[in-house]
Amino acid sequence: MTSIAHALPRARAGLALALALPLLALAPLVAARWDGADRFTTAVGLTALLGAAVPLSVRWALGRVQTAAYGVAAVLWGAGVTAAGLWPHAALGTTGLRPLALTLALAGMLGMGVQHVLAARAGSDDPPLLVDALMLGSALSVAGWEAVSRGGLHGGTGWHATTALLVLAATAHLGMTIALAVEHARMRRVSLLAGLMTTATALAGVHPDPRAQHAALAVALLAGLTAATGAPAAPPRHAGRAASRAARRMEIASLVPGPVLFADIALMVLWPRPDTVLFALYLWVLTTFTVRHATTARAVDRSTARLTAQALHDDLTGLANRAALHRALTGPDGPQCLVLLELAGLDDVNDVLGVTTGDALVRAAADEVRRVVEPLGATAYRPAGDQVAVLLPGGVGGAVRVAGDLVAAVAAAPARVDGAARFPLTAVAGVAPCPGTAPGAHDGTARGTARGTGAPAADPMTTLVHADIALRDARAAGRGRVSVYSGDVAAAHARRTLLRERLADAVRHGTVDVHYQPIVSFATGRVEKFEALARWDDALLGRINPGEFIAVAEESNLVVALGEHVLRSAVRWADEAGVFRAGVGLTVNVSVVQLQSPGFADTVREVLTRHRLHPHLLTLELTESVFLDTDSPAERVVTELAGLGCSIAIDDFGTGYSAFGYLDRLPVHVLKVDRSLTNSLTESGNGRSVVTCVVDLATRLGMTVVVEGVETERQADACREMSAPLGQGWLYSAAVPRTALAEQLARTYPVPGPVTPRR
């Protein structure tokens with residue numbers, strides 16, 4: 001490669017020398033023909049040759065091939081004009097040489113014009129600009145030949161062929177210059193000068209008066225020199241709205257040949273004459289118009305196909321999109337089922353490796369899905385960003401099996417993307433039969449039973465809605481699960497939807513109640529705190545389990561409003577009942593979503609100020625997931641709340657994550673032992689040892705332990721033996737309404753005789 005790179009400059013220098021040598025060889029020829037030559041024409045040709053040869057040689061030597069094209073055109077023009085000057089009256093038989101030489105002079109300009117018009121619309125769906133240019137040129141060729149032949153400027157018998165060739169070359173180039181001027185604003189000046197140069201060259205070839213010939217050549221030379229100073233180095237291109245406007249202008253300009261041809265035909269009808277060349281030019285016109293019509297139709301078809309593909313396919317994955325899915329679900333040919341996959345894990349890849357890698361992972365997952373479904377004659381779609389749908393022929397049983405294969409295929413996608421293998425990509429799937437599809441059998445991986453309705457759906461996308469409902473059911477069941485749309489699944493979805501609507505109304509009107517469960521000292525039996533628990537009795541649905549409506553609140557973004565209502569109501573009613581005046585604290589549960597919402601710390605500060613509540617009496621109970629991400633916004637809010645003086649409690653400690661590292665890093669004051677560990681205190685196993693370790697850990701770190709789910713005296717005795725300070729559970733009391741707070745404040749639960757703590 002290095003030797004080739006060194007050889008290129010030498011090759012260019014040799015080529016430049018090869019271009020310059022013919023100029024030296026012209027000297028004896030010019031001297032020999034000088035007496036019988038048209039000296040002015042010869043001088044113009046030699047001027048163009050000498051003016052172009054030196055810059056052309058330099059450009060070739062420097063490797064500027066595109067700018068050298070103008071020099072090549074100038075050399076050809078100069079050579080043709082020089083030949084026309086040296087042999088002004090020569091003929092090849094009965095054919096005149098002068099028009100032929102000037103046709104040669106236009107060859108370089110024709111080649112450069114073709115190059116420009118081909119590049120002008122490269123990559124566009126519009127008809128090629130060359131076709132428009134030739135159509136314009138063909139109409140002008142008829143008009144030009146009419147002017148030449150009727151004016152008797154063709155040079156007499158035998159000169160028709162070369163004169164017609166000159167007119168055809170000139171009008172073809174003139175059509176290109178007009179097309180470029182219309183298409184590109186920055187080419188207008190150069191195109192005008194090039195068109196002037198072409199017209200003047202053609203006039204010099206057909207006019208019999210030497211003075212007119214000389215004047216035309218002088219104009220052509222000046223126009224060419226002026227054009228060369230402002231010509232672009234490369235063929236112009238543009239796109240976007242500018243290209244659309246240019247194509248529109250070209251459509252309007254394409255109407256010009258019509259009136260020109262009409263005038264030519266009218267002239268021929270009024271003053272008819274036999275002219276073989278004219279009829280040949282009319283055939284040329286018909287040919288160019290036919291080609292133009294064909295290329296326009298092809299461009300329309302190509303543009304329509306491209307737009308249709310864009311409208312029905314996803315740009316990122318190449319899968320069919322939601323619109324294509326709508327088409328496929330409209331009037332299905334036979335029984336079929338829709339499998340809807342939801343990808344999980346993309347956010348981690350986007351956050352750590354960037355969106356580009358995330359997109360590559362989506363493409364890899366799409367390829368894996370395509371690999372599974374294409375042998376089955378099925379089609380894959382991408383209806384949403386993290387979802388892939390597959391429309392499968394056949395019944396539900398086969399669709400469930402394929403859904404399991406698709407979930408496994410998606411899990412294999414990260415291995416195909418550099419750096420993504422350490423990030424698991426999982427999926428869940430919902431399966432829904434299209435209307436009229438028989439339920440069929442399915443394997444044990446599905447939950448629920450399929451239901452075929454048999455009645456046509458009013459909306460084809462109803463099947464997608466059903467698949468999405470099944471997908472939500474699979475999502476609740478866990479990663480990798482497949483769920484089939486069924487009556488049970490539909491009923492559960494309908495209940496969640498109704499719950500969401502009723503809960504939104506309850507939060508808006510403040511009808512969600514708060515009950516209080518006492519937290520009791522194992523040593524004294526006194527109530528030390530109350531935990532505020534949301535309770536909801538709906539007029540239509542009755543009493544709703546807290547786990548159910550809180551999950552719905554988290555799914556529907558109602559948890560922030562619900563949490564704020566519970567916080568304000570719990571503090572207000574506890575204050576009215578005298579809880580804080582008795583020195584008893586209050587614990588309120590706070591979700592991660594609340595901590596991440598703007599202004600939560602300000603809300604807590606406002607509640608403390610309004611009720612003149614000492615911050616240490618308010619405990620905010622969190623789950624361990626808050627502390628998984630170091631320096632997260634939620635963690636910073638927790639630090640701010642602790643700075644106010646509030647106590648921070650960790651709920652369900654001992655299960656789930658239990659990453660002990662954050663206990664030293666963050667302001668945690670209370671650990672609440674999960675009820676699952678409490679149940680194991682009186683059973684064989686390691687539960688008692690785990691609780692003992694938690695109590696020891698909390699004591700060493702200066703924290704308080706609350707044992708949840710204390711239901712028997714044996715469990716309470718075990719907690720006293722390990723020196724756990726506080727307990728909570730049905731042994732003492734269930735959660736009570738606010739009307740029973742005063743009774744709980746006055747109550748002291750019995751404590752058995754002294755228990756010897758373990759050593």
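Residues numbered from 1 in each chain as written. Predicted model: local features only at pLDDT ≥ 70, side-chain atom pairs only at ≥ 80, totals over all residues. Heavy atoms only, no water.

Draft legend 1. Main features of the side chain of Glu368. Along the chain, the position of Glu368 falls in helix H14 (residues 355-373). The class of Glu368 is buried, set by a relative accessible area of 8%. Here Arg416 takes part through its side chain, which lies 3.2 Å from a polar atom of the side chain of Glu368. With sequence-adjacent residues up to four places away left out, Glu368 is seen in contact with Ala409, Ala413 and Arg416. (Helix = DSSP H or I, 4+ residues; strand = E, 2+ residues; numbered from the N terminus. Buried < 20%, exposed > 50% of the residue type's maximum accessible area, 1.4 Å probe, protein only. Polar contact = N/O pair within 3.5 Å; in protein donor to acceptor, adjacent residues only side chain to side chain. Contact = heavy atoms within 4.5 Å.)

Draft legend 2. Spatial organisation of the confidence of the model for the protein. Per-residue pLDDT for the protein averages 80, and the proportion of residues at 70 or more is 80%. Here helix H1 (residues 2-33) stands out as the element of the protein with the lowest mean pLDDT, 54, in contrast to strand E9 (residues 513-521), whose mean of 96 is the highest. Taken together, the stretch residues 1-8 has pLDDT below 50 and engages in zero contacts with residues farther than four places along the chain or on a different chain. For residues 440-457, every residue scores under 50 in pLDDT, and the model assigns this stretch 47 contacts once sequence neighbours within four places are set aside. (pLDDT = per-residue confidence, 0-100.)

Draft legend 3. Structural context of the packing of aromatic side chains. This structure, assessed with the given rule, holds three aromatic pairs. An angle of 85 degrees between the planes, with centres 6.4 Å apart, marks the rings of Tyr516 and Phe530 as edge-to-face. Taken together, the residues Tyr516 in strand E9 and Phe530 in strand E10 (residues 527-538) connect sequence positions 14 residues apart. The same class applies to Tyr516 as to Phe530, namely buried. An angle of 85 degrees between the planes, with centres 5.8 Å apart, marks the rings of Trp536 and Phe549 as edge-to-face. Here the residue Trp536 occupies a position in strand E10, and Phe549 occupies one in helix H18 (residues 546-555), the gap between them amounting to 13 residues. Judged on exposure class, the residue Trp536 and its partner Phe549 are both buried. Residue placement shows Arg738 over the ring face of Trp573; its charged tip is 3.8 Å from the ring centre. (Phe/Tyr/Trp six-rings, centres within 6.5 Å; stacked < 30°, edge-to-face > 60°. Lys NZ or Arg CZ within 6 Å of the ring centre and 35° of its normal.)

Draft legend 4. Inspection of H14 at higher detail. An ideal rise of 1.5 Å per residue puts 27 Å on 19 residues; H14 measures up with 27 Å between its terminal C-alpha atoms. Among the residues of H14, those classed as buried are Thr357, Gly358, Leu361, Val362, Ala364, Ala365, Ala366, Glu368, Val369, Val372 and Val373. Buried residues along H14 sit in contact with strand E4 (336-344), helix H13 (346-353), strand E5 (379-384), strand E6 (387-393) and helix H15 (396-411). (Expected span 1.5 Å × (residues − 1).)

Draft legend 5. Main features of the pairing of strand E13 (residues 618-622). Counted residue by residue, E13 has five buried out of five residues, so it is predominantly covered. Alternating residues of E13 divide into Leu618, Leu620 and Leu622 and Thr619 and Glu621, and every residue in both groups is buried.

Draft legend 6. The environment of Asp674, seen in detail. Of note, Asp674 is situated in the loop between strand E15 (670-673) and helix H24 (675-679). Put simply, Asp674 and Asp651 are 23 residues apart on the chain and 7.3 Å apart in space, counted from C-alpha to C-alpha. A distance of 2.4 Å separates polar atoms of two side chains, one belonging to Asp674 and the other to Ser676.

Draft legend 7. Main features of a negative patch on the surface. Among the surface-exposed residues, Asp347, Asp348, Asp351 and Asp386 lie close enough to one another that they form a single negatively charged patch. Following the sequence through the fold, Asp351 ends up in helix H13. Taking relative accessible area as the criterion, Asp351 reaches 67% and is therefore assigned exposed. (Patch = residues over 30% accessible without salt bridge, like charges linked within 9 Å, V, L, I, M, F, W, Y side chains within 5 Å. Areas by Shrake-Rupley, 256 points an atom, 1.4 Å probe, with all protein chains shown as cover. Salt bridge = Lys/Arg side-chain N within 4 Å of Asp/Glu carboxyl O. Lys, Arg positive; Asp, Glu negative; His and termini not counted. Charge placed at Lys NZ, Arg CZ, Asp CG, Glu CD.)

Draft legend 8. Spatial organisation of the sheet that holds strand E3 (residues 320-321). The strand order across the open sheet formed by six strands is E3-E5-E6-E4-E7-E8, and the pairing between neighbours is mixed. Both edges of this open sheet fall to E3 and strand E8 (482-484), since each of them pairs with a single strand only. Both strand E7 (residues 426-433) and E8 contribute to a ladder of three bridges, which runs parallel. By the bridge assignment, Val431 is partnered in E8 with Val484. (Pairing = 2+ DSSP bridges.)

Draft legend 9. Examining the pattern of salt bridges more closely. Scanning the model with the defined rule gives 25 salt bridges in all. For Asp513, the salt bridge identified is with Arg738, shortest N-O distance 3.1 Å. In this pair, Asp513 is assigned in strand E9 and Arg738 in the loop between strand E17 (726-728) and helix H27 (741-746), connecting sequence segments 225 residues apart. Looking at Asp513, the relative accessible area reads 25%, which means it is partly exposed. Of the charged contacts in the structure, one is a salt bridge between Lys672 and Glu531, with a shortest N-O distance of 3.0 Å. Placement of Lys672 in strand E15 and of Glu531 in strand E10 is noted, with a sequence separation of 141 residues between them.

Draft legend 10. Region of interest: the packing of helix H21 (residues 600-610) against helix H22 (residues 633-644). Two elements in contact, H21 and H22, have axes whose closest approach is 10 Å; the angle formed by their N-to-C orientations is 20 degrees. In terms of orientation, H21 lies roughly parallel with respect to H22. Once H21 is placed against H22, the crossing between them reads as right-handed. Every residue of H22 that contacts H21 at Phe600, Ala601, Val604 and Arg605 is listed here: Val637, Glu640, Leu641 and Leu644. Here the contact of H21 with H22 is built from residues that sort into six nonpolar, no polar and two charged. (Axes fitted to C-alpha atoms, helices over the stretch in contact; angles between N-to-C directions. Parallel < 35°, antiparallel > 145°, perpendicular 65-115°, else oblique. Left-handed = near helix turned anticlockwise from the far one by under 90°. Nonpolar A, V, L, I, M, F, W, Y, C, P; charged D, E, K, R; others polar.)

Draft legend 11. Just the environment of His509, in detail. Here His509 shows up in helix H17 (residues 487-509). Of the polar contacts made by the side chain of His509, one reaches the backbone oxygen of Asp505; its length is 2.9 Å.

Draft legend 12. Main features of the nonpolar core. Judged by nonpolar contacts, the single largest core of 76 residues is most densely connected at Tyr516, Leu586, Leu595, Leu618, Leu641 and Leu671. For this core, the leading source of residues is helix H19 (residues 559-576), giving eight residues. Setting aside its immediate chain neighbours within four residues, Leu618 contacts Val571, Leu586, Val588, Val604, Leu608, Leu613, Cys646 and Ser647. (Core = buried A, V, L, I, M, F, W, Y, C linked by side-chain atoms within 4.5 Å.)

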